[in-house]
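Reading the structure
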Amino acid sequence: MRIAFVGKGGAGKSVIAGSFCRLLARTDDRGVVAIDSDPLPGLAISLGVPSTDTALPADLAEKIGNGPDSEWQLRGGMMGIEAIDAYAAEGPDGVRLLQFGKPRGHVRSVGPAQQGFRLIVRALAETTDLHLVGDLPGGTRQAFFGWAGFADMLVVVAEATPSSMLSARRLARLAAPGGSGQRVVAIANKAIGTPDATRLAEFSGLRVVGVVPRDREVAAAERAGVPLLDYAPGSPAVDAIRSLVDTLRRESP
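A short tour of the structure in this document, coming up.

What counts and how
Residues numbered from 1 in each chain as written. Predicted model: local features only at pLDDT ≥ 70, side-chain atom pairs only at ≥ 80, totals over all residues. Heavy atoms only, no water. Helix = DSSP H or I, 4+ residues; strand = E, 2+ residues; numbered from the N terminus. Contact = heavy atoms within 4.5 Å. Areas by Shrake-Rupley, 256 points an atom, 1.4 Å probe, with all protein chains shown as cover. Buried < 20%, exposed > 50% of the residue type's maximum accessible area, 1.4 Å probe, protein only. Arc of directions from axis to C-beta. Polar contact = N/O pair within 3.5 Å; in protein donor to acceptor, adjacent residues only side chain to side chain. Pairing = 2+ DSSP bridges.

Time to look at the overall build of the protein chain. Looking only at helices and strands, the protein chain has 9 helices and 10 strands in total. Residue pairs in contact within the protein chain that sit at least 24 positions apart in sequence constitute 72% of those at least 6 positions apart. For the protein chain, the accessible area works out to roughly 11700 Å², and carbon and sulfur atoms hold 51% of it.

Set out below in structure tokens:
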């Protein structure tokens, strides 16, 4: 399974992605790697990983050659799985978290680390031994500019509010002309009944594959700084995400 969660900032991507990773890991013998390209620590908190800002080494990648068309490789010929073993943080339920980390210094100084992150993710996408679940930065720019290249399916997380649904529709339109073969679906989050899912589907044009209800336990877990799955494992939101895992496993190649 190769899935990337995208959507407007504040739509609840990280809570869903973190819970999804752990629930998937509990029901599948293959390893789960959570990929966080967002410099904010939302996914680490949702997973329950103590380190919320584990940046990759600045010299992780190096150029092959000196010309303008030079390619990048992981330093020392490191492989993707080796990089996960070296740099991914271990989380609950055996989920491993690969973080791009918070950029520090001038943009030129993060270039090799950024390239290293991309190289690791690209290498992981070629193996069938792992599930990859990504949490992308909020908004409509990052999702289709390289960060989600590993994913077979893009899952747009949206609320039934005008701004969130507008972001969902823009994401759907950005994906349409790409020709990448990626499927784009939606999740109605913080939903108040079935009508919210219907509104999202009609406005965005996306198929809604899951409905996560508005749940006070989600906000309580966030205030406590505890993963929802640990704070309220029997909550309606967790039950909905568990159903989503089953749904997307059936639909994944």
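By the burial criterion, the buried members of helix α3 (residues 80-87) are G80, A83 and I84. For α3, the angular spread of the buried residues around the axis is 105°, confining them to a single face.

This next bit is on the side chain of R96. Considering the arrangement of structural elements, one finds R96 in strand β6 (residues 96-99). At a separation of 3.0 Å, a polar atom in the side chain of R96 contacts the side chain of D85. Leave out the neighbours within four places in its chain, and R96 touches V32, V33, A34, I84, D85, A88, A89, E90 and L130.

Now for the pairing of strand β7 (residues 130-135). Counting buried positions along β7 gives 6 out of 6 residues, so the element sits mostly inside the fold. The pairing of strand β2 (residues 31-36) with β7 spans 6 bridges and is classified as parallel. Among the inter-strand pairings, I35 is bridged to a residue of β7, identified as G134.

Along the chain, L56 turns up in the loop between α2 (42-47) and β3 (61-64). The buried category is assigned to L56, whose relative accessible area is 7%. For L56 and A88, which are 32 residues apart along the polypeptide, the C-alpha to C-alpha distance reads 9.1 Å.

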